[in-house]
Each structure stands twice: as structure tokens, then as C-alpha cells.
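# Secondary and tertiary structure notes
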Amino acid sequence: MLQLTQLGFYIGINGCSLKTDENLLVAKAVPEELLLLETDAPWCGIKPTHASFKHVASKFSTVKKEKFQMGYMVKDRNEPCAIIQVLEVLAAIRSTDTNTLAEQVFVNSQ
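Figured I'd write up the structure that's included with this text. (Residues numbered from 1 in each chain as written. Predicted model: local features only at pLDDT ≥ 70, side-chain atom pairs only at ≥ 80, totals over all residues. Heavy atoms only, no water.)

Within the fold, His50 resides in the loop between strand 2 (35–37) and strand 3 (62–63). His50 has contacts with Gly15, Leu18, Lys19 and Gly45, leaving out every residue within four places of it along the chain. (Helix = DSSP H or I, 4+ residues; strand = E, 2+ residues; numbered from the N terminus. Contact = heavy atoms within 4.5 Å.)

Here it is as C-alpha cells:
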């Protein structure tokens, strides 16, 4: 990762990038000016077994796909709205405000 950021490459982080404590250390080391957020929907959501889960503040109600209802996420399916969870984790491990980090990531995406 260090070699890529030294070359000016942007690094995208999604839920699968935040599974282990080691992953969290790497994600924390990505320079904020080169950081992008992803959901990688419909896969790679942050799960209760991931090291990052303890930093997630936003929770979404889910139902099994056979019982789909508007306003609920399908269980075990990652949706674009879950990008807030990736932001919450990255802000927490960096000890920064979610709004401040979101603004920087938005600038990075332009």
C-alpha cells in the first residue's frame, strides 16, 4: 500500500477491507488525501465477525430475501447505503469526525 500511495494512487476501502485488526491498521495508514470509500455492493458488507464491527454506529433492519419489504435491506446483502458504515469505521480508527472525513473523501472523488 505504501508503494502505491507514494506513487499517488488512490486507495479504496470497503467492508471486506476491514475484517481483521491488521486490516484496520493498514486502512488507518492510508493518507486521507488518497482515501476513497466503497461498498462493493452487493457483497463485502461489514459483518459482526469483522474487527471493524465494533466501530459501526449505523445499523439497518434486514429481512430474508423471500420476505422482502420496502424499507428493509435483504439479509446478508450489502447495499450502497451501507457506505456510511465504512466511513464510521475509518473515522473511528483515525479518531476523527465522520463529517470531516466525508468531506475529504468527497474532494478525493472529484
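This part covers the side chain of Ser52. Assignment of secondary structure puts Ser52 in the loop between strand 2 and strand 3. Classification of Ser52 as buried rests on a relative accessible area of 0%. Beyond its immediate chain neighbours, meaning those up to four positions away, Ser52 contacts Leu18, Leu24, Ile46 and Val89. (Buried < 20%, exposed > 50% of the residue type's maximum accessible area, 1.4 Å probe, protein only.)

Time to look at the environment of Ser95. Checked against the element boundaries, Ser95 lands in the loop between helix 3 (83–93) and helix 4 (98–108). Overall, the relative accessible area of 70% leaves Ser95 in the exposed class. Between the C-alpha atoms of Ser95 and Lys28, which are 67 residues apart in sequence, the distance is 9.8 Å.

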